[in-house]
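Per-entry structural report
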Amino acid sequence: HNLAFYNSLDSLGATFVEETNYYRDDFIKVDLDDPLEAIAQRNYAEAALHNTRCRGKGGVTYPRLAGMAFHLTEQYKIDGVVLHLNASCRPQLIGLNYAKAMLMDRLNVPAMMMESDICDPRLFSEAQTKEAVNAFVETVARAKEVRDKG
C-alpha cells in the first residue's frame, strides 16, 4: 500500500532487493497457436526451473517459498531477510515459518516476519513495523560481524 514506507527504511540501511510473494520466474516463451498446450508448456517449464533453483546442498529440494528465499539469499549475498506475511493468506504462514527457520538454521542468515494485509491497510502499523525492522537491522549487523570474523 505504501512504497514510501519501504523507501524510508533505506535510512536504517535496509534495502529490499526482491519481492517474492508474487514473484514470477523468468519469462518462458511458448507457442500460443494452441493455448492449452501453451499453458501446459509454461507450467512444466516453471516447475522444472523451480526444481533447479530450489535444490539445496546435498540434493534436498525445498518448498517453493523456502527454496526461492534460499536461492535469492545466496544469489544476492543477502545479510538478512524480511518475510512478508499477508494476513489475507493465512496458509502462507506455514511456508514462511519454514523459510525463516531454514534461512537461520542452514544459511545463518537472520530472518524476520513482517505482517500486513493487501486488502486492508488498517491492519498495518507503520510505527510498530519500523521499530521491529530497526531492531532487526541491529540483529543483522551483529550476525554479519560474527560471519565476517569466522
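Everything in this summary refers to the structure shown in the same document. Nothing here was measured: the structure is a model prediction, and the numbers come from that model.

The next thing to look at is the packing of aromatic side chains. Using the criterion set out here, one finds two aromatic pairs in the structure. Aromatic side chains phenylalanine 5 and tyrosine 6 sit 5.4 Å apart centroid to centroid with 75° between the ring planes, which places their arrangement in the edge-to-face category. A residue is classified by how much of its surface remains accessible, and phenylalanine 5, at 2% relative accessible area, is buried. The exposure class of tyrosine 6 is partly exposed, given its relative accessible area of 29%. When the centroid spacing of 5.1 Å and the interplanar angle of 85° are considered together, the rings of phenylalanine 5 and phenylalanine 124 count as edge-to-face. With phenylalanine 5 in helix α1 (residues 3-8) and phenylalanine 124 in the loop between β2 (111-116) and α5 (126-149), this pair connects stretches of sequence that are 119 residues apart. A relative accessible area of 22% means that phenylalanine 124 is categorised as partly exposed. An aromatic cluster of at least three residues, connected via ring pairs, comprises Phe5, Tyr6 and Phe124.

Rules used in this analysis
Residues numbered from 1 in each chain as written. Predicted model: local features only at pLDDT ≥ 70, side-chain atom pairs only at ≥ 80, totals over all residues. Heavy atoms only, no water. Phe/Tyr/Trp six-rings, centres within 6.5 Å; stacked < 30°, edge-to-face > 60°. Buried < 20%, exposed > 50% of the residue type's maximum accessible area, 1.4 Å probe, protein only. Helix = DSSP H or I, 4+ residues; strand = E, 2+ residues; numbered from the N terminus.

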